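Okay, here's what each chain looks like letter by letter:
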Amino acid sequence: SHSFMDVQDKTIQSEIKFPLFVSSNIQKNIDAFVYTYVSERDEVFGFISLKDAGALKKIQKYPEDTFLYISDFHMLSGSSKKTFLEYISGKKFIISNPTKIGTENFSSLEIQKDETIFENETILEINDYLKYIILAHQDTLNDTELSKRLGISRKSIWEKRKKYAILR
């Protein structure tokens with residue numbers, strides 16, 4: 001709970017329909033939401049990152065009634081995503097997803113952080129903006145997706161990480 005003290009909105013709706021996809025501009029907001037949910041209900045839960053090899057098989061090995069928090073949905077490929085979406089129907093899962101793309105047929109919740117570095121009509125230099133975006137989204141977007149959204153090459157992202165000493 002100490003790690004989530006700075007997260008502003010951790011309120012939980014009384015009724016949640018599962019599976020639930022939660023999106024946010026900051027991964028920590030989703031983590032705080034799940035932590036609050038399980039703490040308030042004294043739930044036991046499992047955690048699986050879809051980045052891990054064999055994650056889909058691990059999910060299928062959990063008992064049917066197990067509550068799972070699953071992260072990195074955006075890391076799944078097309079066919080794996082389809083298999084995953086078919087499997088989770090009716091399951092008690094919360095899945096973190098940086099965007100709502102591909103999850104329109106499921107319950108979703110969007111959590112946004114109120115404060116940003118762009119308050120007070122701040123105009124940033126391009127390099128400061130790129131640094132901010134890389135830091136803010138490297139946990140939720142892979143380099144290919146990040147480079148597409150920024151309109152720069154993956155090599156440029158790698159160079160910015162090197163220049164600003166941003167660890168992946």
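See the structure printed just above.
Remember, it's a predicted structure, so these values are computed and weren't measured experimentally.

A. Highlighting the overall build of the protein chain. A tally of regular secondary structure across the protein chain gives six helices and five strands. Element order for the protein chain, N to C, with α for helix and β for strand: β-α-β-α-β-α-β-β-α-α-α. Per-residue burial over the protein chain gives 38% buried out of 168 residues. If you take every contact in the protein chain between residues at least 6 apart in sequence, the share linking residues at least 24 apart comes to 61%. Summing over all exposed atoms, the protein chain offers an accessible surface of approximately 10300 Å²; the carbon and sulfur share of this is 49%.

B. A look at the packing of aromatic side chains. Applying the stated criterion to the full structure yields eight aromatic pairs. On the numbers, 5.9 Å between centres and 70 degrees between planes, the contact of Phe18 with Tyr37 is edge-to-face. Of this pair, Phe18 sits in the segment before β1 (20-24) while Tyr37 is found in helix α1 (residues 27-41), placing the two residues 19 residues apart along the sequence. Assigned by exposure class, Phe18 and Tyr37 land together as buried. The positively charged end of Lys91 is found above the aromatic ring belonging to Tyr87, 4.5 Å away from the centroid.

C. Representation of unusual backbone geometry within the structure. Between Phe18 and Pro19 the backbone carries a cis peptide bond, its omega angle lying at -10 degrees. Within the secondary structure, Pro19 is located in the segment before β1. Positive phi is not limited to glycine here, since Asp42 has a value of about 50 degrees. Non-glycine residue Asp72 carries a positive phi angle of around 70 degrees. Checked against the element boundaries, Asp72 lands in the loop between β3 (67-71) and α3 (78-88). Classification of Asp72 by relative accessible area gives buried; the value is 7%.

D. Layout of empty space enclosed by the protein. Throughout the structure, instances matching the rule amount to one cavity of 30 Å³ or more. In this structure, the largest cavity occupies an estimated 30 Å³ of space. Lining the largest cavity are Ile59, Tyr62, Pro63, Glu64, Thr66, Leu68, Tyr87, Lys91 and Phe93.

E. Quick peek at the pattern of salt bridges. The tally for this structure, following the rule as stated, stands at five salt bridges. Lys91 is paired through a salt bridge with Glu64; the nearest N and O atoms lie 3.3 Å apart. Of this pair, Lys91 sits in the loop between α3 and β4 (93-96) while Glu64 sits in the loop between α2 (55-61) and β3, and the two are 27 residues apart along the sequence. Exposure remark for Glu64: the relative accessible area of 56% places this residue in the exposed category. Note that Glu145 and Arg149 form a salt bridge whose closest N and O atoms lie 2.9 Å from each other. Of this pair, Glu145 and Arg149 are both found in helix α5 (residues 143-150), four residues apart, which corresponds to roughly one turn of the helix.

F. Molecular detail of the sheet that holds β3. Within the open sheet, the five strands sit side by side as β2-β3-β4-β1-β5. Their pairing is parallel. Looking along the sheet, the strands with just one partner apiece sit at the ends: β2 (45-49) and β5 (107-111). Each neighbouring strand pair of the sheet contributes to a mean axis angle of 20 degrees, computed without reference to strand direction. Relative to β3, α1 is tilted by about 175 degrees, and along the sheet it contacts β1, β2, β3, β4 and β5.

G. View of α5. Structurally, the start of α5 carries an N-cap: the backbone nitrogen of Thr144 is 3.2 Å from a side-chain oxygen of Asn142. Looking one or two residues beyond α5, the residue adopting positive phi is Gly151, at roughly 75 degrees.

Here is what the cut-offs are and how they apply
Residues numbered from 1 in each chain as written. Predicted model: local features only at pLDDT ≥ 70, side-chain atom pairs only at ≥ 80, totals over all residues. Heavy atoms only, no water. Helix = DSSP H or I, 4+ residues; strand = E, 2+ residues; numbered from the N terminus. Buried < 20%, exposed > 50% of the residue type's maximum accessible area, 1.4 Å probe, protein only. Contact = heavy atoms within 4.5 Å. Areas by Shrake-Rupley, 256 points an atom, 1.4 Å probe, with all protein chains shown as cover. Phe/Tyr/Trp six-rings, centres within 6.5 Å; stacked < 30°, edge-to-face > 60°. Lys NZ or Arg CZ within 6 Å of the ring centre and 35° of its normal. 1 Å grid on protein atoms, 1.4 Å probe; cavity = no way out; pocket = protein on both sides within 12 Å on 5 of 7 lines; lining within 4 Å. Points joined across faces, edges and corners; volume = space filled by probe spheres on them. Salt bridge = Lys/Arg side-chain N within 4 Å of Asp/Glu carboxyl O. Pairing = 2+ DSSP bridges. Axes fitted to C-alpha atoms, helices over the stretch in contact; angles between N-to-C directions. Polar contact = N/O pair within 3.5 Å; in protein donor to acceptor, adjacent residues only side chain to side chain.

Taken by themselves, the reported measurements are silent on function.
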